[in-house]
Amino acid sequence: MFMITAVAMGLVWFQSGTQEENIRDRFGLVFFVAIFWSFFTMSMAAAAFGGERAVLIKERAQGSYRLSAYYLAKQVAEMPLNWLNPSLFVIIVYWMADMNPNVGSFFAYWALVILGVELSVSIGLFVSAAETSLKRAMVWLTVIILGSVLFA
């Protein structure tokens, strides 16, 4: 699914040009990538934590580990999985859209997308931990996304 979306976006913005009159098109591309990966990773993190909640509460009651250890282990263990799809997506879209042929610019853009993904996963985990219902958590995540879009 991600590759189809990446190729479609790459075709929409295929070599859109590097002149000043094309800068709004590039803003649209950057905005879409940020919103797409933020919302997707937030909702996936919120949905995944709901199933782990009962196990976490049981293990915490037994004193197996601290909450910070669980959170850190979850973030580190899922980091490669969280990075794989956005990385492939950025590789395809960045070069198809002819964003900037400089490799340093590519890695800076990639790092910002990955940072946004990790932030979104953290927010998704936080909201799903604070809200017991998945439907209410998704409503809160939508409010957070829309708020960040409006005030960013």
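Report on the accompanying structure.

### Describing helix α1 (residues 2–12)
The set of residues buried in α1 consists of F2, T5, A6, M9 and G10. For α1, the angular spread of the buried residues around the axis is 135 degrees, confining them to a single face. Turned more than 90 degrees off the buried face of α1, the exposed positions are I4, L11 and V12. Looking at the buried residues of α1, the elements they touch are α2 (23–61) and α3 (67–96).

### Concerning the packing of helix α4 (residues 103–130) against helix α5 (residues 134–151)
Where α4 meets α5, the closest approach of the two axes is 9 Å, and the angle between their N-to-C directions is 140 degrees. If you check the angle between α4 and α5, you find them oblique. As for how α4 packs across α5, the hand of that crossing is right-handed. Mapping the contact onto sequence places I123, G124, V127 and S128 in α4 and A137, W140, L141 and I144 in α5.

### Notes on the packing of aromatic side chains
Under the criterion given, the structure shown has 13 aromatic pairs. Each ring, one from Y94 and one from F106, has its centre 5.1 Å from the other, and the planes form 65 degrees; the classification is edge-to-face. Residue Y94 is found in helix α3, and its partner F106 is found in helix α4; the two are separated by 12 residues along the sequence. Judged by relative accessible area, Y94 falls into the buried class, the value being 3%. A relative accessible area of 7% means that F106 is categorised as buried. Seen from their ring centres, F106 and F107 are 5.2 Å apart, and the 65 degrees between their planes marks the pair as edge-to-face. The class of F107 is partly exposed, set by a relative accessible area of 47%. One aromatic cluster in this structure is built from W83, Y94, W95, F106, F107, Y109 and W110.

### As for a nonpolar patch on the surface
A cluster of nonpolar side chains, namely M3, L84, L88, I91, W95, V103 and F107, defines an oily patch on the protein surface of about 620 Å² accessible area. Elements represented by at least two residues in the nonpolar patch include exactly α3 and α4. Per-element tally for the nonpolar patch: the top contributor is α3, with four residues. Within the secondary structure, M3 is located in helix α1.

### Regarding the nonpolar core
Counting residues in each nonpolar core, the largest one holds 18 residues, and the members touching the most others are M9, L29, V33, W37 and F89. For this core, the secondary-structure elements that each account for two or more residues are α1, α2, α3 and α4. Sequence-distant contacts of L29, that is, excluding residues within four places in its chain, are made with M9, W13, V93, A97 and M99.

Conventions we followed
Residues numbered from 1 in each chain as written. Predicted model: local features only at pLDDT ≥ 70, side-chain atom pairs only at ≥ 80, totals over all residues. Heavy atoms only, no water. Buried < 20%, exposed > 50% of the residue type's maximum accessible area, 1.4 Å probe, protein only. Helix = DSSP H or I, 4+ residues; strand = E, 2+ residues; numbered from the N terminus. Arc of directions from axis to C-beta. Contact = heavy atoms within 4.5 Å. Axes fitted to C-alpha atoms, helices over the stretch in contact; angles between N-to-C directions. Parallel < 35°, antiparallel > 145°, perpendicular 65-115°, else oblique. Left-handed = near helix turned anticlockwise from the far one by under 90°. Phe/Tyr/Trp six-rings, centres within 6.5 Å; stacked < 30°, edge-to-face > 60°. Patch = residues over 30% accessible without salt bridge, like charges linked within 9 Å, V, L, I, M, F, W, Y side chains within 5 Å. Areas by Shrake-Rupley, 256 points an atom, 1.4 Å probe, with all protein chains shown as cover. Salt bridge = Lys/Arg side-chain N within 4 Å of Asp/Glu carboxyl O. Core = buried A, V, L, I, M, F, W, Y, C linked by side-chain atoms within 4.5 Å.

Functional significance is not addressed by these values, which are geometric in nature.
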